[in-house]
Amino acid sequence: TQLLEQSPQFLSIQEGENLTVYCNSSSVFSSLQWYRQEPGEGPVLLVTVVTGGEVKKLKRLTFQFGDARKDSSLHITAAQPGDTGLYLCAGERYGANNLFFGTGTRLTVIP
Amino acid sequence: GAGVSQSPSNKVTEKGKDVELRCDPISGHTALYWYRQSLGQGLEFLIYFQGNSAPDKSGLPSDRFSAERTGGSVSTLTIQRTQQEDSAVYLCASSLNSGAAGELFFGEGSRLTVL
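Reading guide: rules and limits
- Residues numbered from 1 in each chain as written.
- Chains lettered and ligands numbered in written order.
- Predicted model: local features only at pLDDT ≥ 70, side-chain atom pairs only at ≥ 80, totals over all residues.
- Heavy atoms only, no water.
- Helix = DSSP H or I, 4+ residues; strand = E, 2+ residues; numbered from the N terminus.
- Rg over C-alpha atoms; globule rule 2.2 N^0.38 Å.
- Buried < 20%, exposed > 50% of the residue type's maximum accessible area, 1.4 Å probe, protein only.
- Contact = heavy atoms within 4.5 Å.
- Areas by Shrake-Rupley, 256 points an atom, 1.4 Å probe, with all protein chains shown as cover.
- Lys, Arg positive; Asp, Glu negative; His and termini not counted.
- Charge placed at Lys NZ, Arg CZ, Asp CG, Glu CD.
- Pairing = 2+ DSSP bridges.
- Axes fitted to C-alpha atoms, helices over the stretch in contact; angles between N-to-C directions.
- Disulfide = S-S within 2.5 Å.
- Salt bridge = Lys/Arg side-chain N within 4 Å of Asp/Glu carboxyl O.
- 1 Å grid on protein atoms, 1.4 Å probe; cavity = no way out; pocket = protein on both sides within 12 Å on 5 of 7 lines; lining within 4 Å.
- Points joined across faces, edges and corners; volume = space filled by probe spheres on them.
- Nonpolar A, V, L, I, M, F, W, Y, C, P; charged D, E, K, R; others polar.

A. A look at the overall build of chain B. Broken down by element type, chain B carries 0 helices and 10 strands. In chain B, the succession of α and β elements from N to C terminus is β-β-β-β-β-β-β-β-β-β. Rg of the C-alpha trace for chain B: 13 Å, near the compact-globule value of 13 Å for 115 residues, within the 12% margin. Over its C-alpha atoms, taken along the principal directions, chain B stretches across nearly 40 × 30 × 25 Å. Looking at chain B as a whole, 47% of its 115 residues are labelled buried. Contacts spanning at least 24 positions in sequence make up 55% of the contacts within chain B whose residues lie at least 6 apart. Of the roughly 5,500 Å² that chain B leaves accessible, carbon and sulfur atoms contribute 45%. Computed over 10 positive and 12 negative side-chain charges, the inter-centroid distance for chain B is 4 Å.

Next comes the structure, spelled out in structure tokens:
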């Protein structure tokens, strides 16, 4: 059983469309991170959110941490082919410094 | 380079053999993580080292898996009597870790194929 469930698992959209990826858990996290991974490489950090209800924007990407600190979302506006990749959320539980990763969302943006 | 280095990048072995995977973290990073990734899906936590503290081994799937970290730097993940279900990409990451998980810097992974 995965601690963090992501949805959708796969997403294929046309360039210019908007999309949202969800990361949900029954557990509470002290912080939550989002990573993006490209084929043959390790994941690379996009953002860290630490406060319940926090919203962070990174150009066309908007990240939100749920008020109860159990869930998060990633919204991409006007997707581009360069956004293609595997998106992973990762949560740190209180009292534990290790990170638990979500099930992943594979995004394909078609030109 | 100054990033996390893993070796070998690819390993093909026969069922029942032992394998060792190596991770050289970023210099000065006190935290080191091992994860397993199957079929490009999410990452499964295996083990976490933090400085000189006892490692968190709670993610190791069986007693065939073990890991050590010598001198607070290089780490080796050992899989004994490999099985076909062990086939996956094994990712190592390190972090500066000042009390929170912080940003993890990943290597490119070691792809293990058990025939």
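Structure's up, so let's keep going.
B. Geometry of the overall build of chain A. Regarding its fold elements, chain A presents 0 helices and 11 strands. Helices and strands in chain A line up, N terminus first, as β-β-β-β-β-β-β-β-β-β-β. A compact globule built from 111 residues should have a C-alpha radius of gyration of about 13 Å, and chain A, at 13 Å, falls within 12% of that. In terms of overall dimensions, chain A has C-alpha extents of about 45 × 30 × 20 Å along its principal axes. By element, 50% of the accessible surface of chain A is carried by carbon and sulfur atoms, the whole surface being about 5,100 Å².

C. Structural view of the sheet that holds strand β3 (residues 19–24) of chain A. All names here are of chain A. The antiparallel open sheet is built from 5 strands, whose spatial order is β1-β3-β8-β7-β6. Bordering the open sheet on either side are β1 (5–7) and β6 (55–58), each of which pairs with just one other strand. The sheet shows a mean angle of 15° between the axes of neighbouring strands, direction not considered. By the bridge criterion, 6 bridges tie β3 to strand β8 (residues 71–76) in an arrangement that is antiparallel.

D. Highlighting the side chain of Thr 78 of chain B. Within the secondary structure, Thr 78 of chain B sits in strand β7 (residues 75–79). The contacts of Thr 78 of chain B, once residues within four sequence positions are left out, are Val 19, Glu 20, Arg 64, Phe 65 and Ser 66 of chain B.

E. Examining the pairing of strand β11 (residues 105–110) of chain A more closely. All names here are of chain A. The two faces of β11 differ: Thr 105, Leu 107 and Val 109 on one face are buried, but Arg 106, Thr 108 and Ile 110 on the other face are not. Looking at chain direction, strand β9 (residues 85–93) and β11 are connected through 3 bridges and run antiparallel. Within β11, the position partnered with Leu 86 by the bridge is Arg 106.

F. Highlighting the state of the cysteines. Residues and elements named next belong to chain A. The full count for this structure, using the stated rule, is 2 disulfides over all chains. Cys 23 shares a disulfide with Cys 89; S-S distance 2.1 Å. Here the disulfide of Cys 23 and Cys 89 is right-handed, its torsion about the S-S bond being about 75°. Of the two residues, Cys 23 sits in strand β3 while Cys 89 sits in strand β9, which places them 66 residues apart along the sequence. In terms of burial, Cys 23 and Cys 89 fall into one category: buried.

G. Here's a closer look at the environment of Gly 66 of chain A. Residue and element names in this part refer to chain A. Within the secondary structure, Gly 66 sits in the loop between β7 (61–65) and β8. Residue Gly 66 is classed as buried on the basis of its relative accessible area, which comes to 9%. Taking the C-alpha atoms as reference points, Gly 66 and Val 21, separated by 45 residues in sequence, lie 13 Å from one another.

H. The arrangement of the pattern of salt bridges in detail. Across all of its chains, the model carries 5 salt bridges over all chains by this definition. Between Arg 60 of chain A and Asp 83 of chain A there is a salt bridge, with its nearest N and O atoms 2.9 Å apart. Taken together, the residues span a long stretch of sequence, with Arg 60 of chain A in the loop between β6 and β7 and Asp 83 of chain A in the loop between β8 and β9 at a distance of 23 residues. Between Glu 44 of chain B and Arg 36 of chain B there is a salt bridge, and its shortest N-O distance comes to 3.0 Å. Accessibility expressed as a relative area gives 29% for Glu 44 of chain B, which makes it partly exposed.

I. Geometry of the layout of surface pockets. Of the voids in this model, the largest pocket is the one considered here, and its volume is about 340 Å³. Around the largest pocket, the lining is made up of 18 residues, and of these Gly 40 and Glu 41 of chain A together with Val 89, Glu 108 and Arg 111 of chain B lie nearest the centre. Of the residues that constitute the lining of the largest pocket, the class distribution is 4 nonpolar, 9 polar and 5 charged.

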